[in-house]
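The primary structure of each chain is shown beneath.
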Amino acid sequence: MASLSVSSGLNKAVRQQYMSLPQGGKCQVTYIWIDGTGEGLRNKTRTLDIEPTSIEDIPEWNFDGSSTYQSEGSNSDMYLIPVCMFRDPFTLDPNKLVFCEVLKYNRLPAETNHRAACNKVMEQVKEHCIWFGMEQEFTLLGMDGHPFAWPQNGYPGPQGPYYCGVGADNAYGRDIVECHYKACLYAGVKICGTNAEVMPSQWEFQVGPCEGIDMGDHLWVARFLLHRVCEDFGVVATLDPKPMKGNWNGAGCHTNVSTKQMREEEGLQYIEQAIEKLSKKHTEHIREYDPRGGEDNKRRLTGLHETSNIEDFSAGVANRGASIRIPRQVGQEKKGYFEDRRPAANCDPYSVTRAITNTCLLDEEE
């Protein structure tokens, strides 16, 4: 039996008795933010007298940054600045989830607040109507850190039957994935699909298309919902790019990119121009594609298991071993989008989308 959390074994019928109580017209608002690791998410909840109708109705708040790796105890207050609002799939309407930027005591962006810089870039390129779609891979683990449903003292059969697989011997943890999908739809997250991945207990969901800054907002909230759903089931979702050593696939966050020009007739020329620009800044992008400047991706981008080599830039039509893939349909229709396959599963989508937009649409040298 998988190692499940103690909390997941609490009596859910008793919980539901309280969750169904009326709220007296009040609204619970849960504030969500990225902590000082650049990977972890934190949240806390407050009561508002009426249901907010827009993000402007949500007040700023604060928190103790010394407990989230974001400040020292002697000057620990950090500001939470609401930036986007979603419905709460856990406590239901009229309650809300609010994603926030973090500002330091001097109201400058915190070190792991990459949204601020990303938003500046997206405002500069609004006329390009740049769309993103990100494919978030993740792995389910028991509380003991062992992949969910794997044999306790061994390994499952080799990769082959698990990708998009069906059946109890091939699909591990589908209940979690389906509940997460529904939670995203209820919340208003732009989730567009999901599938089982190549390694058993590894899954993927896709978010998009999202324009500009919305990509980072929606993916971070989708990650929060994933962790909360897993919490209810007593398991852990890891975004580690290579959770299991050996002949097992890693986990990425493939990023699909399309500008207005790329989507129009003969847009392939603009896709090729973007790829040429990306080829000249491969090293810079690798540094942006995981939270540790490329160190995490070294374990994943080996040239094996449907990855390119971290040292080399490559591009090709329908080539899943390349840095950049042009889908076959795009090659045939000569318009559409390209896929950057380098970002790690634990990347910050704000950093990834900002880097791609900077390279493809802005002349940084100028």
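Conventions and cut-offs
- Residues numbered from 1 in each chain as written.
- Predicted model: local features only at pLDDT ≥ 70, side-chain atom pairs only at ≥ 80, totals over all residues.
- Heavy atoms only, no water.
- Helix = DSSP H or I, 4+ residues; strand = E, 2+ residues; numbered from the N terminus.
- Buried < 20%, exposed > 50% of the residue type's maximum accessible area, 1.4 Å probe, protein only.
- Lys, Arg positive; Asp, Glu negative; His and termini not counted.
- Salt bridge = Lys/Arg side-chain N within 4 Å of Asp/Glu carboxyl O.
- Polar contact = N/O pair within 3.5 Å; in protein donor to acceptor, adjacent residues only side chain to side chain.
- Contact = heavy atoms within 4.5 Å.
- Pairing = 2+ DSSP bridges.
- Patch = residues over 30% accessible without salt bridge, like charges linked within 9 Å, V, L, I, M, F, W, Y side chains within 5 Å.
- Areas by Shrake-Rupley, 256 points an atom, 1.4 Å probe, with all protein chains shown as cover.
- Domains from an automatic or database assignment.
- Buried area = accessible area lost by both parts, 1.4 Å probe.
- Nonpolar A, V, L, I, M, F, W, Y, C, P; charged D, E, K, R; others polar.
- Expected span 1.5 Å × (residues − 1).

**A look at the side chain of Arg 223**
Relative to the elements of secondary structure, Arg 223 occurs in helix α4 (residues 214–233). Buried charge Arg 223 goes without a salt bridge, the closest partner of opposite sign being Asp 348 at 6.1 Å. Separated by 3.1 Å, the side chain of Arg 223 and the backbone oxygen of Ala 345 make a polar contact. Apart from the residues lying within four places of it in its own chain, the contact partners of Arg 223 are Leu 41, Gln 136, Phe 205, Leu 239, Cys 253, Ala 345, Asn 346, Cys 347 and Pro 349.

**What to know about the pairing of strand β8 (residues 202–211)**
Burial within β8 is extensive, with eight of its 10 residues counted as buried. Looking at chain direction, strand β6 (residues 131–141) and β8 are connected through eight bridges and run antiparallel. Each residue of the ladder has a partner; that of Glu 135, found in β8, is Gln 206. The pairing of strand β7 (residues 191–196) with β8 spans five bridges and is antiparallel. Each residue of the ladder has a partner; that of Ala 196, found in β8, is Trp 203. Joining the antiparallel neighbours β7 and β8 is a turn of five residues, in which Ser 201 adopts a positive phi near 75°.

**Topic: a nonpolar patch on the surface**
There is a patch of nonpolar side chains on the surface, built from Val 14, Tyr 18 and Leu 21 and spanning about 310 Å² of accessible area. Topologically, Tyr 18 is positioned in helix α1 (residues 12–19).

**Topic: the domain arrangement of the protein**
Examined at the domain level, the protein breaks down into domain 1 (6–112) and domain 2 (122–362). The contact between domain 1 and domain 2 buries some 1,900 Å² in all, and 69% of this surface belongs to carbon and sulfur atoms. Here domain 1 and domain 2 share one salt bridge between them. Glu 39 serves as the salt-bridge partner of Arg 292, at 2.7 Å between the closest nitrogen and oxygen. Inspection of the region where domain 1 meets domain 2 yields five residue pairs in polar contact (both at pLDDT 80 or more). Secondary-structure elements contributing two or more residues to the side of domain 1 that touches domain 2 are β1 (27–34), β2 (41–48), β4 (77–87) and β5 (96–103). By residue number, the principal contributor to the side of domain 1 that touches domain 2 is β4, which donates three residues. Of the residues in the side of domain 1 that touches domain 2, the class split is 10 nonpolar, four polar and five charged.

**Considerations on helix α10 (residues 349–361)**
Compared with an ideal rise of 1.5 Å per residue, which puts 13 residues at 18 Å, α10 spans 17 Å between its outermost C-alpha atoms and is within 8% of the ideal. When you tally the buried positions in α10, you get 13 out of 13 residues, the bulk of the element. Measuring from the side-chain oxygen of the N-cap residue of α10 to the backbone nitrogen of Tyr 350 gives 2.8 Å; that N-cap residue is Asp 348.

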